[in-house]
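Residues per chain are reported as follows:
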Amino acid sequence: MSEPKAPTPAPGDTYKGWLFKWTNYIKGYQRRWFVLSNGLLSYYRTQAEMGHTCRGTINLATANIAVEDSCNFVISNGGTQTYHLKASSEVERQRWITALELAKAKAFRMQAESDDSGDDSTSPGGGQGSGSRNSEVQSTLRTLGSKVEDLSTCNDLIAKHGSALQRSLSELEGVRLGGETSEKIRQVTERATLFRITSNAMINACRDFLALAQAHSKRWQKALQAEREQRVRLEETLEQLAKQHNHLERAFRGATVLPSSQSNPAIDSKGPVPVKGDVSDEDEENEFFDACEDVQEFITVPADPKYHRRSGSNVSGISSELGMDDGTTSLDEQSLGSNPESPQSREVVPVRKRRSRIPDKPNYSLNLWSIMKNCIGKELSKIPMPVNFNEPLSMLQRLSEDLEYYELLDRGAKCQSSLEQMCYVAAFTVSSYSTTVHRTGKPFNPLLGETFELDRVQESGYRSLCEQVSHHPPAAAHHAISERGWTLRQEIALASKFRGKYLSIMPLGSIHCIFEKSNNHYTWKKVTTTVHNIIVGKLWIDQSGEIDVVNHRTGDRCHLKFAPYSYFSRDVARKVTGVVTDKDGKAHYVLSGTWDEKMECSRVMQSSRGGENGTDGRQKTVYQTLKAKELWRKTPLPEGAENMYYFSTLALTLNEPEEGVAPTDSRRRPDQRLMEQGRWEEANAEKQRLEEKQRTVRREREREANHNGSPAEEVKEPADKGGHQDNYKPMWFERQVDPRTGEPTHIYRGGYWEAKEQGNWDSCPDIF
């Protein structure tokens, strides 16, 4: 498989690519993904690991780069770290050498510039330089200390002479004109002169102190920033060492040599046999069955070749329904033959040019003291959180992003088979998480009554409306309808638990999808989202849990399992597996993939119960399946997405100003707009104003309710799963009991799009 040609490196550019890294004499060279950025060379096992697991990093500012032969080269920082690397060709090696030398020169230059002219250290981090810096700091502190003592002395003298001057002035007022007048005036003059002299000394001492402090302020700020960065690097290194230590302990306790039949095919045939759990510096790609790993519930194997030819026997129970020969137009061939995200599959060209960029995210540092000082004497719920933790989208807009891959529902609406349709609905369920993999920013909490419309009828055939229907607890209702025969509705409330090192977010509520032609009604719930490294380290997001997608008309079911990420697992990260069964529990399709990349589907030809698993004694089901076909693949992020909050193509357009939207639309929210424009200080002030306005309106509403007497269903309603007790009636949704699930939910009452056509927004509240 040929690799794409790497671009010629330029100074300061981030350079990425595959290299072979020497691991040990057992495994030899292993293919790794290397990233060169900001003077640091890091490597990962795969590109997918870049968001959460770095296998090693070396600082080029202190590293030596040596070429061994046409393809091999070595990078070392003096003994503690040495990378023996091999490129695929001499040209590729030269590209890497050029990029490394440029990055090393730039890193060394930046490190030198960070030291002022007074820093005489000859080597970065050297003992002599460190001692020189320490002595300089001590000398400066002693000088500043003596200046502070001078200021204290001057302060005492000013107080003493000032008191004496005040007494003299008081005495002068009571003196009668006569011979003693001149004597008193002389005393006042002398004491005023002393006070002036002392004050001038105080001013001069203050000026000296200020000049000295300003002279060293810039250098100290740089030194403090360097110490902070060094602390972050040390924390990341300690975290990696802890993980490697755990891995080595497990490997030592359970190390066994694999038979030659299980050798790694990626290694040259002349290479040695790999060893399970050897003391390598990283997790390898060889597939082992580790007793500590999560055991799969089923196994898939290729079906017998006879199932690939048309036969008279109905093996799977749906062969007569979909057909199994090469000419079938079923799910296996035509429906999945093209990628729903490929340009060829886009049938409608957008009639409006949407924006493809937003202003880059500013690199503002977060001052924790500016947050903590606002917490003094306030309740926790009243503490204003700055927009530094946010992204410039509201929760309503994030909810609308579930429609990123609406084509899956369009394809499902055309299916004749409910089981085939279930595969598309399940893939749509998984696809809604693909935009979250790098999105660590928190969306803005919508204000009560805030709405967001997404009108894509001309481009994509659907229109969507969200409204914040409750504030305590926060809950949003969503309704989307497509001209291509499907309706999607949901009400989502969020529950969260902080568990020290990570934050778990549990969405509450059901999602409904109804297809008009078949009247198939599907429901499912969302899985748990976990934000890791809340206190220390780089934030990263994982999705875990199980989803049951149920067709209430036919009884078909798809059970999806989102495997939680494990550092020690040898399985693919972010893995999702699932089985589509009919009302009798018979399996017809097996789904597999990852929630951040793609989902595939394989038709089950035959299933059987396997032998007992030696780990837990359970039996596994073995499915014989046809070749997997791709259901969905994630669209690549736009260029420069890392500077635009990792927004997808759809997300970039969600906050684009549009004419004719309701005055309560999220696009009109001023604090969110200011943040998008990079004016974060103004956004923080505006955010506090809106939150206080919302509290005032809520208090007034509660006061009116208590005075007038509210209906029982609004005030005395028991707290259900949603817990809605706000005395508020939404504009576009009404609270009903869902006939399918029996849960209280908000369902679209209609009228929004008609009001938009008429331009009649008189009934909308003033929330901004």
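Scroll up a little and you will see the structure.
Read on for an overview of the structure. All residue numbers here refer to positions counted from 1 along the written sequence of the relevant chain. Thresholds applied to this predicted model are a pLDDT of at least 70 for local features of residues and 80 or more for the giving and counting of side-chain atom pairs; totals over whole chains, interfaces and linings are not thresholded and use all residues. With hydrogens and water excluded, all non-hydrogen atoms of the structure serve as input to the side-chain values.

The next thing to look at is the nonpolar core. When a protein is soluble and globular, its nonpolar side chains tend to lie buried together. Here, nonpolar core means buried Ala, Val, Leu, Ile, Met, Phe, Trp, Tyr and Cys residues that are tied together by side-chain atoms lying within 4.5 Å of each other. Only protein chains enter the accessibility calculation, which uses a 1.4 Å probe; a residue whose area is less than 20% of its type maximum is buried, one above 50% is exposed, and one in between is partly exposed. Within the largest apolar cluster, 64 residues are counted, with the highest numbers of intra-cluster contacts made by Trp486, Leu488, Trp524, Val549, Leu560, Phe562 and Leu591. For the purposes of this entry, the term helix denotes a DSSP run of H or I that reaches at least four residues, the term strand denotes a run of E that reaches at least two, and both are numbered from the N terminus. When residues of this core are assigned to their parent elements, the largest contribution, nine residues, is made by helix α9 (residues 418-431). Two residues qualify as a contact provided that any one of their heavy atoms is within 4.5 Å of a heavy atom in the partner residue. For phenylalanine 562, the contacting residues outside a window of four places in its chain are Val430, Tyr433, Val527, Gln543, Ser544, Gly545, Ile547, Lys575, Val576 and Trp595. Ranked by size, the runner-up nonpolar core spans 20 residues in total, among them Phe34, Ile58, Leu60 and Trp96.

A sheet is described by the order of its strands in space; here seven strands give the open sequence β4-β3-β2-β1-β7-β6-β5, paired in antiparallel fashion. For this open sheet the edge positions go to β4 (56-59) and β5 (64-67), each flanked by a neighbour on one side alone. The mean angle between the axes of side-by-side strands here comes to 35°, regardless of whether they run parallel or antiparallel. Here, strands pair whenever DSSP counts at least two bridges between them. The sheet contact formed by strand β1 (residues 15-24) and strand β7 (residues 82-86) spans two bridges and is antiparallel. Of the residues in β7, the one forming a bridge with lysine 21 is leucine 85. Axes here mean lines fitted to C-alpha atoms, for a helix over just the part in contact, with angles spanning 0 to 180 degrees between N-to-C directions.

On to the pattern of salt bridges. Just to be clear on terms, a salt bridge is a Lys or Arg side-chain nitrogen sitting within 4 Å of an Asp or Glu carboxyl oxygen. Applying the stated criterion to the full structure yields 38 salt bridges. Arginine 354 is the partner of glutamate 459 in a salt bridge, and the nearest nitrogen-oxygen pair spans 2.6 Å. With glutamate 459 in helix α10 (residues 457-460) and arginine 354 in the loop between α5 (331-335) and α6 (368-372), the pair connects residues that are 105 residues apart, well separated along the chain. Per residue, the accessibility class of glutamate 459 equals that of arginine 354, and both read buried. Taken together, the shared-partner salt bridges in this structure form one network comprising Arg352, Arg354, Glu459, Glu656, Glu658, Asp665 and Arg667.

Our next topic: the side chain of glutamate 686. Along the chain, glutamate 686 turns up in helix α13 (residues 680-708). By relative accessible area, which is 18% here, glutamate 686 ends up buried. Distance and chemistry together define a polar contact, namely a pair of N or O atoms within 3.5 Å, with one atom able to donate a hydrogen and the other to accept it when in protein, and with adjacent residues in sequence counting only for side-chain atoms on both sides. In terms of polar contacts, glutamate 686 uses its side chain to reach the side chain of arginine 689, at 2.3 Å. Excluding residues that lie within four positions of it along the chain, glutamate 686 makes contacts with Pro670, Asp671 and Leu674.

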